[in-house]
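Okay, here's what each chain looks like letter by letter:
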Amino acid sequence: MAIIRDGRITPFAVIIPLILSIAGFVLAMLALFAGTGSQQQALEDYHLIAINMSDFGHDLVPTATSSGSQPTATNDDGFGWDDIQNGLDDIEGEITDQLNDIENDIADKLAQKLGISQWYSLHVMTACEGNFAPNATSPGAWYNTTNCTAQSPGVHFNLTDVLQREIDAGPLKINATDIPIPDSIQQTIDYLNSLLLVTFVLYVLGSGFSGLSFLSCVVVLTLRRKSISRGTIIINLALASLATLSLAIASAIATAISKKGVSEINSAGDDVGISAVEGTKFMTISWVAFAVMFVALLFWSFSCCFPRRRLGSTAAYGEKGFRTSTDSNRGLLGIFRRRH
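Quick caveat: nothing in here was measured; it's all calculated off a predicted structure.

This part takes up the overall build of the protein. Regarding its fold elements, the protein presents eight helices and seven strands. At a minimum sequence separation of 6, the contacts of the protein that also span at least 24 residues come to 78%. Working note: accessible area of the protein is about 19400 Å², and carbon and sulfur atoms make up 58% of it.

Spelled out as structure tokens, the structure:
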């Protein structure tokens, strides 16, 4: 079947924006609902940002220190205090190494001992937490979700409050108010929280307009007309434009806050074992949703060059065509007849 016939876009060509629109709708919905409902575990990787707490608390474990200096008196017989001290130093070194090994093992599991999760993540409508599986140091460790907040537009996540509550309920008797969390980390999270509602609204608009664009394409195919009217093209162009604009702004905001959040959290949390990573999978589906709707926009923009009538038709330009005279008394033959 032809895509262009007699200078017009045929309904068959609408299959192209139809496929693009449904793809944009599905991807936008994934970005919007990741971390919610029954797909919390499956879509956990599609977060805006994840905060790694598996190394948190290393500084709470006291480090092994060597004892103070001792006298260096010697014995006239050649076997003096120095020899004894050297032997003690060797033994002390072995004990210190063993203590350091124990200390590192404790520090690696301290997040679990404190009663806190090893990671916390932010989505568009939820905040989730959990532990790395099989463990935090294993290559290819994945996010094992244990809990997520209730689904809500503009979710507000307070890391300090969550850690204090979980430490208070944990097995260790530690004063949660003394946990070494820099204020700048929570300030960065507050910055992310402040833009989550705007991001939510934009993804709702993007998915909504993408869905309407898809339905409009279905209607065009259902009507089975020989060509697409200019009014239909303008409506679809408007829907694709709004979807593209919404997804472009949403993706730009999500990318910006994710990069800024990761940079500031890593800078402030380096000394206390707190780090963050960007949600690269989330960014990927968000920008791909924008890309497919942009291609759909290009299709309808190209369609605006049509419909055109063929050049042989002067009616398209508002001119009257020539008419063949049916009056037999006109012209040279009419003059000849009137004289006779």
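Having seen the structure, we can now continue with the description.
This structure, assessed with the given rule, holds one disulfide. At a sulfur-sulfur separation of 2.0 Å, the disulfide partner of Cys128 is Cys148. Its S-S torsion of approximately 105 degrees makes the covalent link between Cys128 and Cys148 right-handed. One end of the pair, Cys128, is in strand β5 (residues 127–133); the other, Cys148, is in strand β6 (residues 142–148), with 20 residues separating them in the sequence. Note on Cys148: relative accessible area 13%, which makes it buried.

With antiparallel pairing, five strands are arranged side by side in an open sheet as β6-β5-β4-β3-β7. Strands with a single pairing partner mark the edges of an open sheet, and in this sheet they are β6 and β7 (275–278). Ignoring which end each strand starts from, the neighbouring axes of this sheet average 30 degrees apart. Looking at chain direction, strand β3 (residues 49–52) and β7 are connected through four bridges and run antiparallel.

To continue, consider a nonpolar patch on the surface. A contiguous nonpolar patch, built from Phe12, Ile15, Ile19, Ile22, Val26 and Leu30 and spanning about 440 Å² of accessible area, is present on the exposed surface. With respect to the element layout, Phe12 can be found in the loop between β2 (8–9) and α1 (15–33). For Phe12, a relative accessible area of 32% translates into the label partly exposed.

One pass over the structure, following the stated rule, counts two salt bridges. The residue Lys259 makes a salt bridge to Glu278 at a minimum N-O spacing of 3.4 Å. Within this pair, whereas Lys259 is found in helix α6 (residues 230–269), its partner Glu278 is found in strand β7, the two being separated by 19 residues in sequence. Given a relative accessible area of 46%, Lys259 falls into the partly exposed group.

Moving on to the environment of Ser184. Tracing the backbone through its elements, the reader meets Ser184 in helix α5 (residues 183–223). Its relative accessible area of 32% is what places Ser184 among the partly exposed residues. Considered as a pair, Ser184 and Gly269 are 85 residues apart in the sequence and their alpha carbons are 8.9 Å apart.

Now for the packing of α1 against α5. Contact pair α1 / α5: the axes reach a minimum separation of 8 Å and the direction vectors enclose 155 degrees. Between α1 and α5, the crossing angle belongs to the class labelled roughly antiparallel. Classified by chirality, the crossing of α5 by α1 is left-handed. Where α1 approaches α5, its residues Ile15, Pro17, Leu18, Ser21, Ile22, Gly24, Phe25, Ala28, Met29, Ala31 and Leu32 are matched on the opposing element by Phe200, Tyr203, Val204, Ser207, Ser210, Gly211, Ser213, Phe214, Cys217, Val218 and Leu221. Class assignment for the residues of the contact of α1 with α5 results in 16 nonpolar, six polar and no charged.

Moving on to the nonpolar core. Judged by nonpolar contacts, the single largest core of 48 residues is most densely connected at Phe157, Tyr203 and Ile274. For this core, the elements supplying multiple residues, two or more each, are α1, β3, β4 (119–122), α4 (159–168), α5, α6 and α7 (280–303). Core analysis: the second largest hydrophobic core is formed by 12 residues, Val14, Cys217, Leu237 and Trp300 among them.

Conventions used here
- Residues numbered from 1 in each chain as written.
- Predicted model: local features only at pLDDT ≥ 70, side-chain atom pairs only at ≥ 80, totals over all residues.
- Heavy atoms only, no water.
- Helix = DSSP H or I, 4+ residues; strand = E, 2+ residues; numbered from the N terminus.
- Contact = heavy atoms within 4.5 Å.
- Areas by Shrake-Rupley, 256 points an atom, 1.4 Å probe, with all protein chains shown as cover.
- Disulfide = S-S within 2.5 Å.
- Buried < 20%, exposed > 50% of the residue type's maximum accessible area, 1.4 Å probe, protein only.
- Pairing = 2+ DSSP bridges.
- Axes fitted to C-alpha atoms, helices over the stretch in contact; angles between N-to-C directions.
- Patch = residues over 30% accessible without salt bridge, like charges linked within 9 Å, V, L, I, M, F, W, Y side chains within 5 Å.
- Salt bridge = Lys/Arg side-chain N within 4 Å of Asp/Glu carboxyl O.
- Parallel < 35°, antiparallel > 145°, perpendicular 65-115°, else oblique.
- Left-handed = near helix turned anticlockwise from the far one by under 90°.
- Nonpolar A, V, L, I, M, F, W, Y, C, P; charged D, E, K, R; others polar.
- Core = buried A, V, L, I, M, F, W, Y, C linked by side-chain atoms within 4.5 Å.

Function cannot be read off these values alone, since they describe shape.
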